[in-house]
Amino acid sequence: MAKENRKKRQLKKKLLHKYRLVILNEDTFEERISFKLTRLNVFVLVTFSVILLIVLTTFLIAFTSLREYIPGYSSTALKQKAIELNEQIDSLKQVSRRDSVYLSSIRNVLTGEIKSESINKDSLYKSFEIDPDEVDLTPSKQDSLLREEVAQEDKYNLFETATSKVNFVLFPPVKGEITQKYNPKEKHFAVDVVVPKDTPVKATADGMVIFSEWTAATGYVIIIEHSNNLVSVYKHNASLTKEQGDLVTAGEVIAIVGNTGDLTTGPHLHFELWSEGYSIDPTSIIDFKL
């Protein structure tokens, strides 16, 4: 133990031992500049310089036109030129296809298959032009029925659609007894979880707070938007610890359970989950049991 302490003291002494850096005039040996340094100061200075250099290099690459000279990045002018060339290639393909049909007609005339009077170059070229006003874009009956069928299937498969996109585990905001279950027929798009007053309410997943205010009906309300168009709602809180625009992580405290608002009969959390505008039964994803 004493040996280890001795080594630590020696290391500390080496790091903090002062040195003097002197710059002299070679002819007169006059001292021009001098610095008092330690090994620790030199290490900190070098580290700070390296970090500053990395930050400045990153800034120059990310926010200036210098990135265009780095392999893998393309300039705006190059992208614009590529778009123009693509349009020209498409036009040349159209002209080539049109001339190919015209030459084929001439070949048929030379072989005697058709008469020369039946060939009109102008009308042949015009047949390749498409008038948008003459194109019927009205969906057919079969197309409309198919679209309606797919929409109805998606409407009643919300859980499958939402969970297939969610690649993270949802964290229970609180754990307690559910007194009122999710019941969309009665327009209760949430679960009411009874917990002791002043219990911390936690974010169910990473996201951003998009609403954090008081409402007369449901008291203090906080709403968080998560990835994959998932939104979680927490109502009847006693107080809120996050404001609109704050970033939160899963399990982070965002509010305190309370009994605020006109539509409440006791301390509990009113918790909702929404995906792309449709409600989801939270108990199908989250376990609220103690």
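Scoring rules and cut-offs
Residues numbered from 1 in each chain as written. Predicted model: local features only at pLDDT ≥ 70, side-chain atom pairs only at ≥ 80, totals over all residues. Heavy atoms only, no water. Helix = DSSP H or I, 4+ residues; strand = E, 2+ residues; numbered from the N terminus. Contact = heavy atoms within 4.5 Å. Areas by Shrake-Rupley, 256 points an atom, 1.4 Å probe, with all protein chains shown as cover. Pairing = 2+ DSSP bridges. pLDDT = per-residue confidence, 0-100. Salt bridge = Lys/Arg side-chain N within 4 Å of Asp/Glu carboxyl O. Buried < 20%, exposed > 50% of the residue type's maximum accessible area, 1.4 Å probe, protein only. Phe/Tyr/Trp six-rings, centres within 6.5 Å; stacked < 30°, edge-to-face > 60°. Core = buried A, V, L, I, M, F, W, Y, C linked by side-chain atoms within 4.5 Å.

1. Some words on the overall build of the protein
The secondary structure content of the protein amounts to six helices and twelve strands. Within the protein, contacts between residues separated by at least 24 positions form 54% of all contacts whose residues are at least 6 apart in sequence. Total accessible area on the protein stands at roughly 21,600 Å², and carbon and sulfur atoms take up 57% of it.

2. Here's the deal with the pairing of strand S2 (residues 31–38)
As judged from the seven bridges shared by strand S1 (residues 18–24) and S2, these two strands associate in the antiparallel manner. If you follow Leu21 over to S2, its bridge partner there is Phe35. Count of turn residues in the S1/S2 antiparallel hairpin: six residues, of which Phe29 carries a positive phi of about 60°.

3. Quick notes on unusual backbone geometry
Not every positive phi belongs to a glycine, and Asp198 is a case in point at roughly 70°. Among the secondary structure elements, Asp198 is positioned in the loop between strand S4 (191–194) and strand S5 (200–202). In this model, Glu276 sits at a positive phi of 55°, which is unusual for a non-glycine residue.

4. Here's the deal with the confidence of the model for the protein
When the pLDDT values of the protein are averaged, the result is 81; 79% of them are 70 or greater. No element of the protein has a lower mean pLDDT than helix H6 (residues 158–165), at 44, and none a higher one than strand S7 (residues 219–225), at 96. Scored below 50 in pLDDT, residues 158–167 shows 13 contacts in the model against residues more than four places distant or in partner chains.

5. Describing the environment of Phe171
Mapped onto the elements, Phe171 comes out in the loop between H6 and strand S3 (177–180). Sequence separation of Phe171 and Thr204 is 33 residues, and the distance between their C-alpha atoms is 4.3 Å. Excluding its chain neighbours within four sequence positions, the residues that come into contact with Phe171 are Lys202, Ala203, Thr204, Ala250, Gly251 and Ile286.

6. Quick word on the pattern of salt bridges
Per the stated rule, a full pass over the model turns up two salt bridges. With a closest N to O distance of 2.6 Å, Glu252 and Lys242 form a salt bridge. Here Glu252 is found in the loop between strand S9 (247–248) and strand S10 (253–257), whereas its partner Lys242 is found in the loop between strand S8 (230–240) and S9, with ten residues between them in sequence. According to the relative accessible area criterion, Lys242 is buried, its value standing at 17%.

7. Looking at the packing of aromatic side chains
One pass over the full model with this rule turns up four aromatic pairs. Note on Phe271 and Phe288: the rings are 6.0 Å apart at their centroids and 65° apart in plane angle, and the pair reads as edge-to-face. In this pair, Phe271 sits in strand S11 (residues 268–275) while Phe288 sits in the segment after strand S12 (278–280), placing the two residues 17 residues apart along the sequence. Phe271 gets classed as buried once you look at its relative accessible area, which sits at 0%. Judged by its relative accessible area of 3%, Phe288 falls in the buried class.

8. A look at the pairing of strand S6 (residues 207–215)
Inspection of the sheet shows S6 paired to S9 by two bridges, in the antiparallel sense. Looking at the pairing, Gly207 lines up with Val248 of S9. As defined by bridge partners, S6 adjoins S7 across seven bridges and the pair is classed as antiparallel. Residue pairing across strands places Met208 opposite Glu225, the latter belonging to S7. Between S6 and S7, which follow one another and run antiparallel, lie three residues.

9. Side note on the nonpolar core
Judged by nonpolar contacts, the single largest core of 23 residues is most densely connected at Val174, Val201, Ile224, Tyr234, Ile254, Phe271 and Leu273. Sorting the residues of this core by element identifies S4, S7, S8, S10 and S11 as the ones contributing at least two each. With near-sequence residues (within four places) excluded, Leu273 lies in contact with Leu170, Leu230, Val231, Ser232, Tyr278, Ser279, Ile280, Pro282, Ile285 and Ile286.

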